[in-house]
Amino acid sequence: MDLLELRADFLRQEELSRAVELPRKTDLPVILTVRRPGEGGKWKGEERDRVQLLGKIGSAGFAFLDLEEDLEAPDLERRVLASGPRIIRSLHDTRGVPEDLTRRVSALARSPREIPKAAVTPRGALDLLRLLQVFQDLGPLQKVLLGMGDFGFPSRVLAPKLGSLFCYASPPRESAAPGHVDPQTLDELFRYHQIGPGTRVFGIIGNPVMQSLSPEIHNSGFAALGRDAVYIPFLVDELEPFFQVADSLGVHGLSVTVPYKEKVIPRLERQDPSVSAIGACNTMRRGTDGKWEGTNTDAPGFLAPLLSAFGGRLPPGLRATVIGAGGASRAVVHALAANGARVLVLNRTPSRAEQLAREFGVQAAPLDSGVKLMARFNDLIVQTTKVGMSPLSAEDPVPDYVFSGKEVAYDLVYVPRTTAFLKRALAAGCRVVRGDQMLLAQAFEQFRFFTGSDYPDEATRRLRIFSRYPA
Ligand code: NAP
């Protein structure tokens with residue numbers, strides 16, 4: 001159901017008189033809400049004036065009036081109801097998910113014409129799980145039920161699947177409640193109008209995760225293939241309750257990002273050899289028996305653009321420096337060593353480089369003193385640290401290394417597309433590979449793992465994700 005909500009508590013005094021005009025100016029049903037501060041609203045006046053305002057403009061053609069659970073205003077209800085609007089009887093909790101939410105929502109409606117609504121605030125995966133349980137408890141009851149904030153995001157975007165009449169969105173940059181996205185994002189990025197009870201859910205888990213570019217990649221792919229599927233971010237604080245959330249929603253596939261790539265491995269029933277070789281899993285899907293299968297697409301995603309740069313295969317005896325020894329570096333070092341390259345790993349914390357070197361049979365050195373060794377490992381230089389991305393976007397992890405121009409320089413950082421490290425390499429005449437090429441390649445591998453289909457060319461042509469960021 002598409003509607004407009006007029007949040008009259010956001011209006012200036014001089015704008016209030018024009019509020020009555022809105023229902024006549026739109027074909028959409030309009031909800032009138034004047035929210036109190038304790039429930040996240042901006043109303044600053046007396047409660048008496050608020051009720052008076054609701055009465056004064058509520059009969060001007062609004063389809064719904066949002067009245068709070070504890071509001072006792074029989075005169076207002078009699079007067080306004082005679083003119084037609086239905087009441088949305090709402091309950092808000094900006095601090096958590098109440099223990100007795102099922103009972104309270106069941107008891108909200110004071111007549112069959114009232115629609116019960118609860119907006120609560122999951123503070124973690126366990127709270128989201130409890131909210132999903134309330135959806136199940138309430139079954140087919142006509143209702144609006146939603147979790148605010150980032151932990152509650154799945155409950156809002158999946159409203160049509162879960163059985164909530166609608167969810168809320170806000171104009172860009174004017175969020176009316178924590179975690180709101182704008183209507184265009186909800187519709188175009190998250191395919192809200194295509195979601196229904198049978199929609200298959202995919203997503204990405206991590207912390208942080210809400211700014212991930214993966215939803216745009218995967219949802220564009222689903223749309224181009226006409227799949228009844230949606231891909232959403234799940235902010236996760238604890239894995240155990242999250243996997244119960246995944247069971248409750250029937251989540252079909254997951255991308256996994258920091259800090260969970262290692263921690264999800266014990267949950268895998270079956271895993272690709274790349275997972276144990278790298279020691280990390282970045283992609284999970286349900287097998288036909290409902291159990292989780294895992295793979296790692298970072299290594300093939302790293303290799304795909306590199307192979308293109310080298311004309312289809314890595315030159316025999318390739319000598320490479322890998323800067324960094326974190327999670328991404330593990331996939332890079334594995335991919336290079338497995339393809340016969342001789343690798344030197346440099347890292348700020350030398351013990352991490354040494355550990356990696358032992359595991360993969362390569363060489364290691366500290367980042368500062370090791371720069372002089374790079375001249376012997378410089379067919380390819382791969383930058384895998386966070387240096388070069390915000391807030392370190394002006395920095396270069398190896399400022400003392402002088403490019404000869406014959407190196408291939410590869411930076412895993414994808415925002416900005418051309419880091420300070422790559423700028424120096426380009427200025428010296430090097431060929432470069434950018435992090436966005438790897439990001440797309442590993443996501444396309446994930447898409448194939450999720451769906452069994454290649455990522456559609458049509459979706460690739462339409463992707464706009466990098467145009468929003470600095471080049
Ligand atoms: P991670 O596990 O946290 O590792 C971070 C690495 O960066 C470590 O080697 C760390 O060194 C180093 N580092 C951090 N700050 C530094 C500084 N100020 N100076 C020098 N070294 C520093 O992170 P990750 O998952 O490997 O990700 C690393 C980067 O790769 C991120 O920018 C991420 O966005 C990017 N990435 C891109 C893709 C893609 O598809 N393009 C995929 C995965 C990751 P210490 O060990 O000394 O802390």
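The residue count restarts for each chain, going from 1 along the sequence in the order it is written. Note on the predicted model: pLDDT of at least 70 is required for a residue's local features to be given, and 80 or more for side-chain atom pairs to be given and counted; whole-chain, interface and lining totals, by contrast, use all residues. Heavy atoms from the whole structure form the basis of all side-chain values; hydrogens and water molecules are not counted.

**Observations regarding helix H11 (residues 239–249)**
Turning to H11, its buried residues are Leu 239, Pro 241, Phe 242, Phe 243, Val 245, Ala 246 and Leu 249. Helix and strand definitions follow DSSP, with helices as H or I runs of at least four residues and strands as E runs of at least two, each counted in order from the N terminus. Just downstream of H11 lies Gly 250, where phi reads positive at about 65 degrees. Burial classification: accessible surface area is computed with a 1.4 Å probe over protein chains only, and a residue below 20% of its type maximum counts as buried, one above 50% as exposed, and the rest as partly exposed.

**Description of the pairing of strand S2 (residues 30–33)**
The two faces of the sheet receive side chains in turn, since in a regular strand these alternate between them. Of the two faces of S2, both are covered, the one formed by Val 30 and Leu 32 as well as the one formed by Ile 31 and Thr 33. If DSSP finds at least two bridges between two strands, the strands pair. The pairing of strand S1 (residues 4–7) with S2 spans four bridges and is parallel. By the bridge assignment, Leu 6 is partnered in S2 with Leu 32. Bridge count for S2 against strand S3 (residues 64–68) is two bridges, and the pairing is parallel. Note that in S3 the partner of Leu 32 across the bridge is Leu 65. Whether a crossover is right-handed depends on one test, that the path from the first strand over the helix to the second runs clockwise when the strands point away from the viewer. Taken together, S2, helix H3 (residues 47–58) and S3 form a β-α-β motif whose crossover is right-handed.

**Comments concerning the sheet that holds strand S5 (residues 115–120)**
The sheet built from six strands is open, its strands ordered S1-S2-S3-S4-S5-S6 with parallel pairing. With one partner strand each, in any of the chains shown, S1 and strand S6 (144–147) form the two edges of the open sheet. Each neighbouring strand pair of the sheet contributes to a mean axis angle of 25 degrees, computed without reference to strand direction. Inspection of the sheet shows S5 paired to S6 by four bridges, in the parallel sense. Note that in S6 the partner of Val 120 across the bridge is Gly 147. Contacts from helix H6 (residues 125–138) reach S5 and S6, with the element oriented near 165 degrees to S6. Axis definition: a line fit to C-alpha positions, over the contact stretch in the case of helices; interaxial angles, taken between N-to-C directions, run 0 to 180 degrees. When checking whether two residues touch, look at their non-hydrogen atoms; a contact exists if any pair is within 4.5 Å.

**Regarding the domain arrangement of the chain**
For the domains described, the bounds stem from an automatic or database domain assignment. Partitioning the chain into structural domains gives domain 1 (4–176), domain 2 (222–296 + 440–466) and domain 3 (299–433). Relative to domain 2, the C-alpha centre of domain 1 lies at a distance of 34 Å. Domain 1 puts 16 residues into the contact, and the matching count from domain 2 is 14 residues. The term buried area denotes the loss of accessible surface (1.4 Å probe radius) that occurs when two parts are joined, taken as the sum for both partners. Summed over both sides, the interface of domain 1 with domain 2 buries roughly 1,200 Å², with 79% coming from carbon and sulfur. Among the residues domain 1 hides against domain 2, the three largest losses belong to Ala 125, Leu 129 and Phe 151. Together they make up 36% of the total. One speaks of a salt bridge when a side-chain nitrogen belonging to Lys or Arg is within 4 Å of a carboxyl oxygen belonging to Asp or Glu. Seen at the junction of domain 1 and domain 2, the total is zero salt bridges. What qualifies as a polar contact is a pair of N or O atoms within 3.5 Å, subject to a donor-acceptor requirement within protein and to the restriction that residues adjacent in sequence count only when both atoms come from side chains. In this structure, the connection of domain 1 to domain 2 is made through one residue pair in polar contact (both at pLDDT 80 or more).

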